[in-house]
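Notes for the structure review
Spelled out from the first residue to the last, the chains are:
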Amino acid sequence: MKASVDTGAQRLIRFLEHAGVEYIFGLSGGAAMPIFDALVDSRIKLILTRHEQGATHMADGYARATGKPGVVLVTSGPGATNTVTGLLTALMDSVPVLVLTGQTPTFNLGKDAFQEADVTGITYPVVKHSYLITSAQELPRVVKEAWHVLTTGRPGPVLVDLPKDVTQGPCDAPEPETIDIPGYRIPSLPDTEALDRAATALGQAKRPLLYVGHGAVISGAGEAIAALSDKLQAPVVNTLLGKGAVDETGPLHLGMLGMHGTAYANKAVVACDLIMSIGGRWDDRITGKVDAFCTDAVRLHVDIDAAEFDKTVTSHIQLLGDARRTVEALLPRVRPGDTGAWLAQCQAWREQFPLTFESPDDDHLRAQHVLSRLNALTEGKALMTTDVGQHQMWAAQFCLTRANRMWLSSGGAGTMGYGFPAAIGAQFARPDTPVWAIVGDGGYQMTLCELATACVHKLPVKVLIINNNYLGMVRQWQELFFENRLSGVDLEGNPDFVKLAEAYGAKALRISHPSEIDDVLSEAIAYADGPCVVEASVVKEDNVFPMIPAGAAVSEMLIERPTEKLEKPSGST
Amino acid sequence: MSSDPNSTSNAAAKPADGLNDVHTLSLVVRDRPGVLVRIALVFARRGYNIGSLAVSPGAAGGFARMTITSQGNPETLEQIIKQLAKLVDVVHVADHLEHPPLEAEIALVKVGVGEGSDRNQALHEVALEFNAVVVDRGKATSVLRLIGSRDELQAALSALAPFQVQELVRSGSVVMDKGRSVLTDLLQKS
């Protein structure tokens, strides 16, 4: 090998530098050593994590917070398999994450070599696309194509598996000038006929409702949607992942819809005569019983992925394209109808069925109280990430999101352990934005080893642990649907989270009484010398309401704790 | 598949007619490692069986042509087709249900012989009727080669049933639209 010829690894890193990659989140290992070696000479900053799942969620958080791809580098075998949960999380929520995996040399493939795993095989169902590179000369073409797939169309994770002889071997193949993927098409804008039909339907509706999903966040459609809502005088609801596309504190915004959405959002869903999904995919958490969902309403669907049309709910008008460009194209076409009575009705519901929680007293610290104070004290300027479970739903209800890319949560996959590493990735991406990870005591323990990563880099990321010593959402279901026969939900043996954080070198605070909430949160907000962990020891057995039991119709929403026994849910989990 | 705004059901996966229709899909795919696995997974995760699968190089270099038959709930199959089309390595998918294409399949059938000339004569007649060729004539067995549409093969196999079929192998259908088709255009472009 001539000294002047770059290795495959050097070509890879140079490509990523040119593509604007600032950070790579990863954990080293034998098969990936040539790539880690190439990073020594690179301006890309390597963030060494404590577990590959954490690396993947950090890259995911970085990507959601910026819209730019997050990059992960891990070794073969177990290093690669530890990224699978992060890949699923990114796939389900359409996040551009590039996972680079080391692999045993090509001559060892299929021979059960040390730390060999069939990584492309294991990950087929959880990637947008993937590649196994079998020669160094192929690397520039494959990496360019992978980056193109990663950064265009409906985002999703892309995996590139890199055998050690490919990254170590010489590569003098020229940089390819073009990309040739004849099977890959990127929709941009629906045809005029569909736009005109949609505009007519929107103008004719008496009770229109705009249902905003993650696609609106990804495409930056919020401003256009707010303008459309204003022009039509149509109320807006958003999904868990759609939070922030349109300011949730706006007068036409009814908050989150779905299983734990606001009562007034769900009442609007039941009563509307037109519903338009903008980058939402009619997930089972939104629709409840599909056969009963918006049956009498005209249903419009804006999506960049044609495979989402008619997947769960059929639609009358399908608009294939980028959400922002589609809504912008609709704006000049629509003529507002008369929605005065509809808005008055929505306002009446808002007043009649507000989001509430039991009034706090000195003996009971309630998660909802802590979160509504966090919402007030951060003044809508904090980026929030969550884990999965009760705290996630309470945070979604009580922490209103006012701007795009300020709310990161694992929706589709429902990945516990996501929130904290995602917050680390987001804090790297946006050092000047306050970042709060809102987590439960269950999920936090799945990835809390990344406290070391946060401490090493003195990231001012905050962690708010809503600690009820339970896997609370499952406990809630067992209480409501399984005669309170608790099984596998009691987290006895939880550590002292304050001491544990201090052991890592992080600042740690505890809220035990409602009277301490504001002081402790303010102290955490003011602390900027590194991570700060706040443990809120909350009432153990609070439940999240409103609630639509899985498989029930939206109209069967429970606004508060039911007084009679409920049937076991027949629908989705 | 837009439905009537006045319809009362909106569930895409409602039970429907057409459960027994055999759908024949033509795919043009990039000739890349893993493409077959990705396609198979689209069927498998929805609990769908692939009835037959034939893969061969396409007319243009770097591409392969696949013919897949499957049956089941038509709404799910529609979703399967969309998910196939979405795969980066899949260039085109067509379902031939509405416009029956030209269709061919090959089968080799091994039948027992040897009990006198009557039986051999009868086998010969069946072969004649179905345009089959006896490609091996042994002491105890004969092998027939059948070529035809799926229905024609089915008819021939029924006629051969009395001859004690000992072994059967079928290639799976391959299909082609008559005249100019999207697939022709695609391959000429690439």
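For every chain, the first residue of its written sequence is number 1, and the numbers climb from 1 along that sequence. The naming scheme follows written order: chains are lettered A onward, ligands numbered 1 onward. Given that this is a predicted model, residues contribute local features only at a pLDDT of at least 70 and side-chain atom pairs are listed and counted only at 80 or more, while totals for whole chains, interfaces and linings are drawn from all residues. Hydrogens and water molecules were not included; the side-chain quantities draw on all heavy atoms of the structure.

1. Here's the deal with the overall build of chain B
Put simply, DSSP H or I for four residues or longer makes a helix, DSSP E for two residues or longer makes a strand, and each gets a number counted from the N terminus. Secondary structure summary: chain B contains five helices and nine strands in total. Only protein chains enter the calculation, and the probe is 1.4 Å; a residue is then buried if its accessible area is under 20% of its type maximum, exposed if over 50%, and partly exposed in between. Of all 190 residues assigned to chain B, the portion counted as buried reaches 42%. Contacts are assigned to residue pairs with any non-hydrogen atoms lying within 4.5 Å of each other. When contacts within chain B are restricted to residue pairs at least 6 apart in sequence, long-range pairs at least 24 apart make up 75% of them. Shrake-Rupley sampling with a 1.4 Å probe provides the accessible areas, and residues are treated as covered by the protein chains on show and by no other component. Of the roughly 10,300 Å² of accessible surface on chain B, 54% is carried by carbon and sulfur atoms.

2. So, the interface of chain B and chain A
Contacts between the two partners involve 28 residues from chain B, matched on the other side by 34 residues from chain A. Summing both partners gives a buried area of about 2,500 Å² for chain B against chain A, and 48% of it is carried by carbon and sulfur. The salt bridge partner of Arg30(B) is Glu145(A), with a shortest N-O separation of 2.7 Å. Side-chain atoms alone can form a polar contact between residues adjacent in sequence; in general such a contact is a pair of N or O atoms within 3.5 Å, and within protein one must be able to donate a hydrogen while the other accepts it. One can count seven residue pairs in polar contact (both at pLDDT 80 or more) joining chain B with chain A. Those elements that place two or more of their residues in the side of chain B that touches chain A are α1 (35–44), α2 (74–86) and β4 (90–95) of chain B. No other element matches the five residues that α2(B) contributes to the side of chain B that touches chain A. Split into classes, the residues belonging to the side of chain B that touches chain A amount to 12 nonpolar, nine polar and seven charged. Using a 1.4 Å probe, buried area is obtained as the accessible area two parts lose upon being combined, added over both of them. Salt bridges are defined by distance alone: a side-chain nitrogen of Lys or Arg within 4 Å of a carboxyl oxygen of Asp or Glu. By the convention adopted, Pro, Cys, Tyr, Trp, Phe, Met, Ile, Leu, Val and Ala count as nonpolar, Lys, Arg, Asp and Glu as charged, and the other residues, Gly among them, as polar.

3. Let's talk about the environment of Gln397(A)
All names here are of chain A. As for its position among the elements, Gln397 is in helix α17 (residues 390–398). Gln397 gets classed as buried once you look at its relative accessible area, which sits at 6%. Placed 135 residues apart in sequence, Gln397 and Thr262 show a C-alpha to C-alpha distance of 7.4 Å. A polar contact of 3.3 Å, which involves the side chain of Gln397, links it to the backbone oxygen of Phe545.

4. Quick word on the sheet that holds strand β10 (residues 274–278) of chain A
Residue and element names in this part refer to chain A. When DSSP finds two or more bridges between two strands, those strands count as paired. One open sheet holds the six strands; their spatial order is β9-β8-β7-β10-β11-β12, and the pairing between them is parallel. In this open sheet, the two edge strands, each paired with only one partner strand, are β9 (253–256) and β12 (317–320). On average, each strand axis in the sheet is inclined to that of its neighbour by 15 degrees, with strand direction left out of account. Sheet topology note: the strand β7 (residues 208–212)/strand β8 (residues 236–238) ladder contains three bridges and is parallel. Note that in β8 the partner of Val212 across the bridge is Asn238. Note on definitions: angles span 0 to 180 degrees between N-to-C directions of axes, and those axes are lines fitted to C-alpha atoms, for helices only across the stretch in contact. Packed onto the sheet, helix α14 (residues 323–330) meets β10, β11 (298–303) and β12 and runs at close to 140 degrees relative to β10.

5. Quick look at the packing of helix α1 (residues 8–18) of chain A against helix α2 (residues 33–40) of chain A
Residues and elements named next belong to chain A. Their axes nearest at 8 Å, the elements α1 and α2 cross at an angle of 55 degrees. When the axes of α1 and α2 are compared, the pair comes out oblique. Handedness of the crossing formed by α1 with α2: right-handed. Between α1, through Ala9, Gln10, Leu12 and Ile13, and α2, the contact on the second element is made entirely by Pro34, Ile35, Ala38 and Leu39. Class assignment for the residues of the contact of α1 with α2 results in seven nonpolar, one polar and no charged. Roughly parallel means an angle under 35 degrees; roughly antiparallel, over 145; roughly perpendicular, 65 to 115; everything else is oblique. For a crossing to be left-handed, the near helix must be turned anticlockwise from the far one by less than a right angle; the clockwise case is right-handed.

6. Notes on the packing of aromatic side chains
Describing an aromatic ring pair means giving the distance of the ring centres and the angle of the ring planes. All names here are of chain A. Only rings of Phe, Tyr and Trp enter the pairing, Trp through its six-membered ring, and a pair is recorded when the two centres are within 6.5 Å. The plane angle decides the type: under 30 degrees is stacked, over 60 is edge-to-face, the rest tilted. Summed over the entire model, instances satisfying the criterion amount to 13 aromatic pairs over all chains. Seen from their ring centres, Trp477 and Phe481 are 5.5 Å apart, and the 70 degrees between their planes marks the pair as edge-to-face. With Trp477 and Phe481 both in helix α21 (residues 472–481) and four residues apart, this pair spans about one turn of that helix. In this structure, Trp477 and Phe481 share a single accessibility class: buried. An aromatic cluster of at least three residues, connected via ring pairs, comprises Tyr23, Phe25, Tyr62 and Phe428. Only when the NZ of Lys or the CZ of Arg is both within 6 Å of the ring centre and within 35 degrees of the ring normal is a charge said to sit over the ring. The ring centre of Tyr470 lies 5.6 Å from the NZ or CZ of Arg475, which sits over that ring. Across from the ring centre of Tyr470, 4.7 Å away, lies the NZ or CZ of Lys540, which sits over that ring.

7. A word on the domain arrangement of chain A
Residue and element names in this part refer to chain A. Residue ranges assigned to each domain were obtained from an automatic or database domain assignment. The domain architecture assigned to chain A consists of domain 1 (8–168), domain 2 (192–352) and domain 3 (367–545). For domain 2 and domain 3, the distance between their C-alpha centres works out to 30 Å. In this assembly, 16 residues from domain 2 lie in contact with 20 residues from domain 3. Summed over both sides, the interface of domain 2 with domain 3 buries roughly 1,500 Å², with 59% coming from carbon and sulfur. On the domain 2 side of the contact with domain 3, Leu240, Lys243 and His260 bury the most area, a combined 41% of that side's loss. Linking domain 2 with domain 3 are zero salt bridges. There are nine residue pairs in polar contact (both at pLDDT 80 or more) connecting domain 2 and domain 3.

8. Regarding helix α3 (residues 52–66) of chain A
Here a helix's expected span is defined as the number of its residues, less one, multiplied by 1.5 Å. For α3(A), with 15 residues, the first-to-last C-alpha span of 21 Å sits near the 21 Å given by 1.5 Å per residue. Two residues or fewer past α3(A), Gly67(A) is found with a positive phi of approximately 85 degrees.

9. Digging into the environment of Pro332(A)
Residue and element names in this part refer to chain A. Secondary-structure assignment places Pro332 in the loop between α14 and α15 (340–352). Accessibility expressed as a relative area gives 63% for Pro332, which makes it exposed. Pro332 sits 104 residues away from Leu228 along the chain, and the two C-alpha atoms are 9.2 Å apart.

10. A look at the pairing of strand β13 (residues 383–386) of chain A
All names here are of chain A. Burial of β13 is two-sided: the residues Leu383 and Thr385 facing one way and the residues Met384 and Thr386 facing the other way are all buried. Alignment of β13 against strand β15 (residues 435–440), held across four bridges, turns out to be parallel. Bridge pairing in β15 links Leu383 to Val435. Pairing of β13 with strand β14 (residues 407–408), which is carried by two bridges, proceeds in the parallel orientation. Paired with Thr385 across the strands is Leu408, a residue of β14. Convention used here: a crossover is right-handed provided that the path from the first strand, over the helix, to the second strand proceeds clockwise when the strands point away from the viewer. In terms of handedness, the path from β13 via α17 over to β14 forms a crossover that is right-handed.

11. Re the sheet that holds β4(B)
Residue and element names in this part refer to chain B. The strand order β2-β3-β1-β4 describes an open sheet built from four strands, whose pairing is antiparallel. Across the chains shown, the open sheet's two edge strands, defined by having one partner strand only, are β2 (52–57) and β4. Each adjacent strand pair in this sheet contributes to an overall mean axis angle of 15 degrees, direction not counted. In this sheet, strand β3 (residues 63–71) lies alongside strand β1 (residues 22–30) in antiparallel orientation, the contact comprising nine bridges. Residue Ser26 lies in a different strand from β3, and its bridge partner there is Thr67.

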